[in-house]
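Examining the three-dimensional arrangement
Listed below are the residues making up each chain.
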Amino acid sequence: MHLQFLGAATTVTGSQYLLSTDRARILIDCGMFQGSPNESIRNRIPLAYDPATIDAILLTHAHLDHCGLIPHVVKAGFKGPVWATKGTVELATLVLLDSGKLQEEFAKRQLRRAKHDPERAATFEKRDSAALFAAERLADDGVDGALDPADAAVARAATAGESNDDGGRPPVAIPVGERRQFDDPRVDPGHFGNRRFDAALLVAGPPQEAGGASDPVSSPGPSDLAAAPVTAVGASSAPPTTIARDPEQALVRQPPVLDADLDEPLYDAQDAQAALASFRGIDYDMEIEVAPGIHATYVDAGHILGSAIIRLRVADQDGGPELRLVFSGDLGRTGTPILRDPTVVTDADYVLVESTYGGREHEPEAESNKLLADAVKLVADHDGVLLVPSFAIGRTQEVVWELHRLIEAGQIPLLQLYLDSPMASKASDVYRHHPDYYDAETTALLAAHDAPLDYPKQTITNDVKQSEAIAKAPRPYMIVASNGMLTGGRVVGHLRNLVDDPSAVILFVGYQGEGTLGAHLQAGATTIKLDGEVRRVRCQVRSISGFSAHADESELLAWVGNFATGKAPGGPGWPKTVFIVHGDPDAQAALEPKIRALGLNTHIPLWHEIVELR
Ligand SMILES: [Zn+2]
């Protein structure tokens, strides 16, 4: 069986893994790439599979970077079920409808801009096309992972005529509907769109099985790079292997070249609504067969409401040997408010672990609360404004929960709070409807007739007018608004008003992705570019990492360490490889040696890399 890393590989967004066996194919997560333009353009490269051949999608949780491409894949022909916990189904409904709407709005804005200033629009289009080209090359390099770099270079040089080095036409995306279909579900029809850029970029071949039954679609040709040695991953006795590709087949599968508009929405609200019909709610700890020979159990990941670690039992053949795979999804923190702690899992053949906070530790809970209280007191003393950019789901509920506790403990004055995120207030409703997911502390508060998710002096804004009116409200006050990395949403409007106001405090409570405005501010930028205009940063910028919905390095290591504790290396339940995913390269590089120090083999997969699991 094979696993392909189609997202969250050496980056934190776009989670998507394709698991293929002799008789089934499933996706684990199907997330959107977010953040900088170079990252989000990855959503536009052709799908690496024919969606009609996918039996099921298993969704760990409702964040957009885990579920955001599901409507795109459904639109492209996926017909199976999307399995998720009931809480995730409810939250994903909000997230996907919002995403469809935002994409429609974005497309309309682009169109208006293009009419208004065609020259600027052309510049942006050129930039996007260049970014798309780079993304496709990167994806191909990932599939090339097993090849000796020299071989790959030779193969590329041999087909340089196919490359896009002529500086002429920009690269284009190939609409999914135009791709050739293949009967063999094991053959990956992906990368169809890449051929005109680099014909040496090979389509992932079928499994290189012992005994080598010939396969008409993928039988090696004379210039076959599949003859290149299969590279072992990790140092285990039964390592996964990266699959080499066949250049002949890459050429055979070259599709017709078609132009696609990069400003078109990937999907609209109607597509999102249609995709939601595929969702099936399941309970934690109940095993179900999601595809022939693939049994899944969802256990609590403690990250956001409904979030899950997914455990799989996978057998290539009926009654054949089984492998156990564990996908961490996003791991929450132990001891955080509202939700239960991440589940301890102890046995697996292969583990995928997220690494968002590799190399970093969150401050202790008491310290986080003190930092929050200090920021509130600071704006109270100076008639200022506290702006908290926050992810609508999870973080917002947690910050409100903590503010409420701090008021009850008499540690902060009762300031007016504006919850300026329609999605956050809807998500809070979902949280309120699911006390079954609460931890003991929050359950006890609820039993004592407290309303743990409500702040005593809050105003929830419903439309843009109300959002804009906040600027005229009497100070001091607080705003919690989405999104958390300042890459869009209402928070950007507030930033516009407050960035050069010395009595304002911007308080980051979550992860800031590489290249985002949030990351620049957090790193101490003295000027930023807003709406194309350079603005001085005169507000205060502070950060709290302890409200993160993600485990820090110690917590990640403790969770992974459970697979090694009390076992003999290589014995039953000892993972053959731990794949480190969902992290920026620095974080992954910091975490890897520490996981190895536990005695476990590790591998940091490249984007689109395919490994054989056995
Ligand atoms: Zn998440």
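Refer to the structure above for everything that follows.
If you're wondering where the values come from, they're calculated on a predicted model, not measured in any experiment.

1. Concerning the overall build of the protein chain
- Scanning the protein chain from terminus to terminus reveals 17 helices and 26 strands.
- Each of the 614 residues in the protein chain was classed as buried or not, and the buried ones make up 59%.
- Looking at the protein chain alone, contacts between residues at least 24 apart form 77% of all its contacts between residues at least 6 apart.

2. Describing the coordination of the zinc ion
- Note on the zinc ion: its protein donors are His61 (NE2), His63 (ND1), His303 (NE2) and Asp330 (OD). The metal-donor distances range over 2.2 to 2.3 Å.
- Around the zinc ion, the four donor atoms are arranged such that angles at the metal cover 91 to 165°; this shape is classified as irregular.
- Look at where the donors of the zinc ion fall in the sequence and you get H-x1-H-x239-H-x26-D. Residue histidine 61 is found in the loop between strand 4 (56-58) and helix 2 (64-67), and its partner aspartate 330 is found in the loop between strand 14 (322-327) and strand 15 (350-354); the two are separated by 269 residues along the sequence. Aspartate 330 shares its class with histidine 61; the two are buried.

3. Considerations on the environment of proline 364
- Position of proline 364 relative to the elements: it lies in the loop between strand 15 and helix 9 (365-381).
- C-alpha of proline 364 to C-alpha of serine 545: the two residues are 181 residues apart in sequence and 9.3 Å apart in space.

4. Looking at unusual backbone geometry
- Omega for the peptide link from arginine 475 to proline 476 comes to -5°, which places this bond in the cis form.
- Mapped onto the fold, proline 476 is located in the loop between helix 13 (464-469) and strand 19 (477-481).
- The phi angle at histidine 582 is positive, at roughly 50°, despite the residue not being glycine.
- Along the chain, the position of histidine 582 falls in the loop between strand 24 (577-581) and helix 17 (585-596).

5. Quick look at the side chain of aspartate 29
- Tracing the chain through its elements places aspartate 29 in strand 3 (residues 25-30).
- No salt bridge is formed by the buried aspartate 29; the nearest opposite charge belongs to arginine 395, separated by 15 Å.
- At 2.7 Å, the side chain of aspartate 29 forms a polar contact with the backbone nitrogen of threonine 60.
- In this structure, aspartate 29 is in contact with Ser15, Gln16, Tyr17, Leu58, Leu59, Thr60, His61 and His66, ignoring residues within four places of it in sequence.

6. Regarding the packing of aromatic side chains
- According to the stated counting rule, one finds nine aromatic pairs in the structure shown.
- For the pair tyrosine 17 and phenylalanine 327, a centre-to-centre distance of 6.0 Å together with 35° between the ring planes defines the contact as tilted. Here phenylalanine 327 lies in strand 14 and tyrosine 17 lies in strand 2 (residues 16-20), a separation of 310 residues in the sequence. Like tyrosine 17, the residue phenylalanine 327 is buried in the burial classification.
- Seen in terms of ring centroids, tyrosine 418 and tyrosine 477 are 5.4 Å apart; in terms of plane orientation they differ by 85°. Their pairing is edge-to-face. Highlighted residues: tyrosine 418 in strand 17 (residues 416-420) and tyrosine 477 in strand 19, separated in sequence by 59 residues.
- One residue, arginine 42, lies across the ring of tryptophan 607, its end atom 4.3 Å from the ring centre.
- Between arginine 405 and the ring centre of tryptophan 401, over which it is positioned, the NZ or CZ distance is 4.6 Å.

7. Structural notes on the nonpolar core
- Membership of the largest hydrophobic core comes to 91 residues, with the highest contact counts inside it found for Leu19, Tyr49, Leu58, Leu91, Leu312 and Leu613.
- A total of six residues in this core trace back to one element, the largest contributor, which is helix 4 (residues 86-116).
- For leucine 91, the contacting residues outside a window of four places in its chain are Ala62, Ile304, Leu305, Ile393, Ala427, Val430 and Tyr431.

What counts and what doesn't
Residues numbered from 1 in each chain as written. Predicted model: local features only at pLDDT ≥ 70, side-chain atom pairs only at ≥ 80, totals over all residues. Heavy atoms only, no water. Helix = DSSP H or I, 4+ residues; strand = E, 2+ residues; numbered from the N terminus. Buried < 20%, exposed > 50% of the residue type's maximum accessible area, 1.4 Å probe, protein only. Contact = heavy atoms within 4.5 Å. Donors = N, O, S within 2.8 Å, 3.2 Å for Na, K, Ca; no water. Tetrahedral: all angles 85-135°; square planar, octahedral: opposite > 155°, others 65-115°. Lys, Arg positive; Asp, Glu negative; His and termini not counted. Salt bridge = Lys/Arg side-chain N within 4 Å of Asp/Glu carboxyl O. Polar contact = N/O pair within 3.5 Å; in protein donor to acceptor, adjacent residues only side chain to side chain. Phe/Tyr/Trp six-rings, centres within 6.5 Å; stacked < 30°, edge-to-face > 60°. Lys NZ or Arg CZ within 6 Å of the ring centre and 35° of its normal. Core = buried A, V, L, I, M, F, W, Y, C linked by side-chain atoms within 4.5 Å.

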